[in-house]
Every structure is written in structure tokens, then in C-alpha cells.
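If you want the building blocks of each chain, they are given just below.
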Amino acid sequence: MANQQEWDIRRFLILLTRNWWWPVGVLATTIIAAKLYLRYTTSIYKSDATIQIELDRASLIKPDRGDGGNLIPIENMADSYVELFTAYDLIQQAVRELKLDWEIYSVGKLGRSLVFPAPFQIEMRDTFQAEAHTVRGSFPLEVEINGEASRFTLRKNDSILCQGWVNKWTPCRDVQLRIVSARGDSSYPSGRFLVQRLPERVVVQDWQRKVSVMPKRGLTAWVITVNDISALRAQSFLQKLLEHAREYERGLRQVHYQKAIQYIDTLLQVVKYDLDRSQDSLFRKEQMADMPFLEPRRKRTTELFLHLEDYRLRRPEDEALKALRTDIQRLLDSLRRSPTVSLRPIFIAPSVPSALHTEIEAVNQLIGHREVLMQRYTPAAPPLFTLNQTLLQKLEYLEYRIAELLRLRIEQLKNEQREWEISRRRIYEDIFSERQFSLQEEDVALRRSIYKSLLEKKIEYSIQKEAISSAIRITQPPTLASIPISPNPIQVYVVALVLGIIIGVGSVILWHLLTQKVSYRTDLEGLSSVPIIGELPYARGQKGLFPFSTLQLEIFRSFRSALGFLWEENAPKVLVVTSTVSGEGKSFIARGIAYVYALSGHRVLLIDADLRRAAISHEVRGLDKGLSLLLSSPQHVTIEECILPLGREGLYLMPSGPLPPNPTELLDTSALLQLIQRLADKFDYFILDTAPIGLVPDTLSILRNIPSAVTLYVFRADYSRIPFLKHLEEMIKIHHLQKVYLLFNGTRLSKPRYGYGYGYGYYGNGYSRKYYSASEPTTSVWKRMREILPI
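Asker: What exactly am I supposed to notice about the packing of helix α13 (residues 550–563) against helix α14 (residues 586–599) here?
Answerer: The angle between the axes and the distance between the axes are what describe a pair of packed helices. Taken N-terminus to C-terminus, the directions of α13 and α14 make an angle of 80°; their axes are 9 Å apart at the nearest point. Judged by the inter-axis angle, α13 sits roughly perpendicular to α14. For the pair α13 and α14, the contacting residues are Gln552, Leu553, Phe556, Arg557, Arg560 and Leu563 in the first and Phe588, Ile589, Gly592, Ile593, Tyr595, Val596, Tyr597 and Leu599 in the second.

Asker: Would you mind showing me how to read unusual backbone geometry here?
Answerer: Generally, phi is negative for residues other than glycine and the peptide bonds are trans, each holding for most cases. Here the bond from Phe116 into Pro117 is cis, since omega is -5°, no more than 30 degrees from zero. By secondary structure assignment, the location of Pro117 is in the loop between β5 (111–115) and β6 (120–126). At the junction of Ser486 and Pro487, the peptide bond is cis and its omega measures out at -5° in the coordinates. Within the fold, Pro487 resides in the loop between β16 (472–476) and α11 (489–515). Even without being glycine, Lys99 reaches a positive phi, approximately 55°. Within the element layout of this structure, Lys99 appears in the loop between α4 (88–98) and β4 (102–108). Lys99 gets classed as partly exposed once you look at its relative accessible area, which sits at 39%.

Asker: How do you make sense of the sheet that holds strand β1 (residues 45–53) when you look at a structure like this?
Answerer: Working definition: the strands of a sheet are paired by backbone hydrogen bonds and lie parallel or antiparallel to each other. With antiparallel pairing, 4 strands are arranged side by side in an open sheet as β14-β15-β1-β16. If you trace the sheet from one side to the other, it starts and ends with β14 (211–217) and β16, each paired once. Between one strand axis and the next, the sheet turns by 35° as a mean value, whatever way the strands run. With 8 bridges connecting them, β1 and strand β15 (residues 221–228) associate as antiparallel partners. Its bridge partner lying in β15, Thr50 is registered against Val223.

Asker: I tried to follow the side chain of Asn745 on my own but got confused; where do I start?
Answerer: Tracing the backbone shows Asn745 in strand β24 (residues 740–747). A distance of 3.1 Å separates the side chain of Asn745 from the backbone oxygen of Glu584, its partner in a polar contact. Setting aside residues up to four positions removed in sequence, Asn745 forms contacts with Leu536, Glu584, Gly585, Ile589, Val714, Phe715, Arg716 and Ala717.

Asker: What am I meant to see in the pattern of salt bridges here?
Answerer: Pairs can form between side chains of opposite charge whenever their charged atoms are close. For the structure on display, the rule yields 30 salt bridges. Glu103 serves as the salt-bridge partner of Arg233, at 3.7 Å between the closest nitrogen and oxygen. Highlighted residues: Arg233 in helix α6 (residues 231–288) and Glu103 in strand β4, separated in sequence by 130 residues. Here the two residues Arg233 and Glu103 agree in accessibility, since each one is buried. Residue Glu641 pairs with Lys625 through a salt bridge whose shortest N-O separation is 3.5 Å. Residue Glu641 is found in the loop between α16 (627–632) and β20 (644–645), and its partner Lys625 is found in the loop between α15 (615–620) and α16; the two are separated by 16 residues along the sequence. Glu641 sits in the partly exposed class, given a relative accessible area of 40%. Through salt bridges that share partners, Glu103, Asp206, Arg209, Lys210, Asp228 and Arg233 make up one connected network.

Asker: Help me out: how do you make sense of the nonpolar core in this one?
Answerer: Side chains of a nonpolar character, in soluble globular proteins, are inclined to be buried together. The biggest cluster of nonpolar side chains holds 48 residues, and the ones touching the most others in it are Leu627, Met654, Leu672, Leu679, Phe686 and Leu688. Here the element with the most residues in this core is helix α20 (residues 722–735); it accounts for 6 residues. Beyond its immediate stretch of four places on either side in the chain, Phe686 contacts Pro572, Lys573, Val574, Leu575, Leu605, Ile607, Ile676, Leu679 and Ala680. Residues Phe548, Leu566, Ile589 and Ile687 belong to the second largest nonpolar core, which totals 36 residues.

Cut-offs applied
Residues numbered from 1 in each chain as written. Predicted model: local features only at pLDDT ≥ 70, side-chain atom pairs only at ≥ 80, totals over all residues. Heavy atoms only, no water. Axes fitted to C-alpha atoms, helices over the stretch in contact; angles between N-to-C directions. Helix = DSSP H or I, 4+ residues; strand = E, 2+ residues; numbered from the N terminus. Parallel < 35°, antiparallel > 145°, perpendicular 65-115°, else oblique. Contact = heavy atoms within 4.5 Å. Buried < 20%, exposed > 50% of the residue type's maximum accessible area, 1.4 Å probe, protein only. Pairing = 2+ DSSP bridges. Polar contact = N/O pair within 3.5 Å; in protein donor to acceptor, adjacent residues only side chain to side chain. Salt bridge = Lys/Arg side-chain N within 4 Å of Asp/Glu carboxyl O. Core = buried A, V, L, I, M, F, W, Y, C linked by side-chain atoms within 4.5 Å.

What follows is the structure, given as C-alpha cells:
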């Protein structure tokens, strides 16, 4: 025996269709709960805007884009702009301008709602003060305003503080107060209002938590979001926040430019001081090194070098002078030793200076004249003596001239050599000084270029400071939310719908699993090995002892045909109708089968064998005499007295009789079988309506004593449970029951059917009305849809 039902989508839909009212009710309850939740829950609205940060213009230094040559990473710049929108000073400015520290709620019968912008404000002053100041204590206050009468009533904890005219000072305990329009006009709303004033610091911190910044695309596009209980207030705050953020960012960048300009001024002072020092040092170096005379010194050194080179070229002349001096000394020595010695003329070399040529020629003439006189005179002759003396003087003078000339030339050479050495050392010093001077000139030029570039940068920053624009560009202005984000109506309704469906459908399925009721014949066939003889449709609205519809009569006729193959030939045709518990329709089935047998012309005896709760006997009011008396006291009553006609030819009833104290013992004897055998000649069929087999053992006693009886076990749709089948099989196995058949009762034709079973194609609801009804009743649209659709 199978212990569970097989499920598929069609069974699931049919189960929901047959119990549609419960999921619909749960779903309606969840929707109503969602509406109430949305009505009495504080809604949160979101306003968002998209901005574009132009980072190329956002800093004095170009942002780093990965080339490794910049100083500020673009991520740090983006983070600084994100922190800008949650800056305390910026949000504080927006709170002050929008006066968000004031909260005014309109008080109604079903709650309160925020009013923004605030329609009025309360001002208060001390009695001895002239200037008004905004109330900062004694909040919250309840204000009732009559706009038409221009009057107000101020309450605190349901007690009236004061009453007065709007826009006029009114004494209120120890202060004076007045209510003024927040818009500056003379219009005032009517109604009750709850006025709340919060500390500014708390309000600013609260709005800081309401602002969120999220990246949208890379590091330059951002979404600024503000959440608040008022959609208009969130949008207004975000607009102010963006306006002040742009101005604040522009001011910060101007401050940065100003700081950069001040830093450049400091650098200019340092560079100018260093430049002045370098220029002074250069001037002193120029003075010390006599830089203007550097070129003449080089020229003089060159001339000395040329003179020395010229002296080297004139060395043969010096040699000639030395040779000439030697010749003259030889002539002098010869003339002094012997006045009569013959003298040779002096040879004039080409390298001999031209200044000595005249004097040498004069000496050579005297030597020539002496040779002539020596031929004419004696050595002691006066003319020759005089000529020798003159020649001696000339030679000595010429010797002196040559010696002096050599001395002067040697002294001049020494002086020039000494001066050349000094000039050569000086020229190297000049080269070193020139190099140092050149380096100092380059240093001065570099400092001048730095000073010039700093001046240009200062002018550039000064111009950019005045012409600076915000790097924040608003690509999407703040939106005005039409629906709240928390609670989100769509989300709440979806959750309510899902919960309603889950709870409703789950409850139906859980109820079905807990109750374990069978709804369809196919389920019964899959759960039990006991053969099923058929199923009987459900009918409503008919009353009487035989309240059968046309379709039910046709089904009973089919049962009659099926039972015709089950009777034994030589035994009484006894049909025992029973069930597990009461209410499964066994009495109805017993009457219907007895009725159709009577319609076919047979004589049928319907025996009410349920001695404990005789439904048929109660209906015909035949409890005085019956089966219980025939079984317990057959001598006091006859069989004819216990048989009643049921208004149909051939159909009779044997009531159960009075309630006996021991019904099980009465039925556990062979008396009932003997009674049936005695009546077998008068009746063709015996239909026994017995007690529920699952509650009392009466029916088992009957079956043990009438083994040839056919047992019709009634199983009612959506009423009988699956454990009943297991109980039936256990009894069949234990008591060795034979000829037990199931009959599925209570099939609802107005609801979807699953599987095959008796499809009632010809005997269906529509055909039965067409062929077995005098007039065809109208069918509602809902019923037609249920017949067509599987739900």
C-alpha cells in the first residue's frame, strides 16, 4: 500500500481551487495589513543628484593618471571631494538657510504629518528686552491657529499657555511671544500644529547621516543622495547642499591659490636675497680678478712669448758679437805686444748688428792706413805711433761697445724671462678666475630665471584666482521623489502578496497534509489495493428519503450492474454497506442502491443494522420495532411487524428497533443470517446499513456470520482520511474478509477533477441536465470558468 499521494501541478491547482476562499482571505488580510503599515509608518523619501568632478581643474597640481610623473593621486583628490559633501560647516550652512532646526507637524485625527517649508515661526522676548529671539526651549509646543480670525492658542502638555493674535506680541507667562509667517506674508494656515525645535548641532549631525555619496562611473561621476521623511525637504536640502558645495569648493580653491601666491612671495624674497648676494659676490670677484684687464694681460703675455721666441731666433747674432769681441781682443793683444806687428782687418759677419758696422769699417780703414804707414815709416816714427794709439783707442772702444751690448742683451733677456714667468702664472690664475666668474654668472642667470618664473607664476595664479570656477558640474539636478523608499510601497505590496500567497497556499497544503483527506478517485486507487467499484457525485438541495439527482440515479444503476457480477448463485444476495466513521454517506449509498434495485422490479429489503445510531430508522420514525427485537426477543414480535414499506413498490425497510444494551453481542450470532435465509423467498436483495467499522466492531460480527455477503466500503471525498485505508487493509488481513469493495462518494462535479475515474462524459453535469431535466437551468459564468479552466 502506498503511504503518500503523488503530486503534480494539476493536483496542486485543483487543491487550491477547491479551497480558494482561504488563500484569497489570507491574501486580502496581508494586503490590508500592508495598507495599514504604509498608512501609519513614517515614510522615507530619497532625492538624488548626479555630479561630474573635473579633476583636471580641481587642483593646482595635475592629478596623477598613472604615468608616474605627477604628485597627487587621483583617488586622493576624489576622496577629498566626497568628504566635502559631508563637511559639518557646509551642512550647517544649509540647515541654517532652510531653517531645518524647526519641525512643524500638522496634527490630525489619524496622526500627524510634516509641513515643509514651515508656514510660521515662534518668536519670543523677555519683558524688558526690545529685540526678539527665536524660542529655544519649552519644546515641543502645540499651536492651534485660526487663519480666518488670525488668532492662535499655544498649548504645552494639553495645558493652555496663552492665546492671542498672530503677528502681534502676546504676554505668555514671563515672556512675550508672537507667531510670524515664515514666508514674510500675512497668510496663516488653519489647524493644529506640533512645533519642535531641535539643537542645531543635533540637526546638523542628523543631516550628515542622511547624506551619502556613491561612485557612479569611475572616480569622476558621483551620485549624491539625501534621505528624509519629506520628499520636498530632501530635494530642497540637496539643492542647497550642491549650491554651497560649489561655492565652498570654489572658496577652498581660492584659498589654495592664495596660499600658493603667499608661498610664491616667500620664495621670491628668498630668491631675490640670494640673487643680490650672488651679484655682489660676482662684482667683488670681478674687481679682485681685474676682469676688464684680462684681455690686455693676455695680449702682453703673448708679446713676451713672441719676444722670447725672437731671442731664440737671434742667438746667431750674439754668437757673432762674441766672435767679433774675440777678434778685437786678439788685435788689441797683438798691437800691445808689438806696435810693428801686421794686423788683419775685422771680418763683419751678416748677423753683426748694423750699428757696429760703421765703427768696424772705421777700424778696418785705420788698419789699412797703418799698413801703408808701416811701409813708409819706422816703427818709432811719430805718425805711425800716433796711428797706433788711435787704433788702440778705437779697438778698446769697440770692445767696450760689444761687451756693453752683450751685457744689455743678456740683462734684457733675463728681465723678459722673469716677466714671462710672472705673466704665465698670472694667465693661469686668470683662467681659473674666469671659470669661477663664469660659474657665478651662470648662478646669477639661474636665479634671475627662477625669479622671473616665480613672478610669472604669481601673476598666473592671481589671474586664475579671480577667474576660478567650480570643478563640480551638476549633470542631473536633485529629483523630487514621488514614492518613498522606506517603506517602499511596491516592495511592501510585493512582500504582502508573496506572504499572502505563501501563507494561504502553504496553509491549504499543510491542512491537506495534516488532515490526509482524499479528494479524487485516482488518489484512492494509488493508495489502496482494495478494488474500487465506482464513485458517486455529490448533489445538493434535495430532501426526502430518496434525495437522488438524475445523475446519481444513473450512477447507482451502474453500481447495480457492477454488483451483478459479484453475487454468489446459491447464497442470499446480501450487500453490507459500511464505512470507517460516521458521516461518510453509507446510509445514503444503501438507500440509493436499494432504490435502483426496486426500480428494476426486484424486491429489496433495506435493513438498518446500525443498532447504535440508526439514521434511516430515525428518518422514518420506526424505532419501536425492528431488528434489535427480532434478534433479542423473536418470540415477542413477528417479522411482518418489523418490515415497513418505503413508498416504492418492491422496496421495504427493516428498522433497527430500540437501542439494545449489547448490540455487538446481538450481531455476533447467526440469528441475522438465519433471519435473512428465512426472508430469502420473499426478497431478492438484502441491503444492510451497518455501523462504522472504524468505531465499533458491530459490522465485523455481521461479516463473520455472513461470509457470502458483498461489502461496500464507503470512502467520502474530502472527508475520509488516508489512515482509514490502512485500517481497512489491516482488518481485511486480520479477519480474512472477502468481497470488500471501495465506493468513492461525494465527488463534486462543479469543481475540477483529476485523473480519469468516471469522467461522466455522457452522464456529466451538462448532459444530465440536458437529457434528464425538464428545463435546462442557467449556469453562472464562474461555474462555466471552473468547468473549463483547471483552477
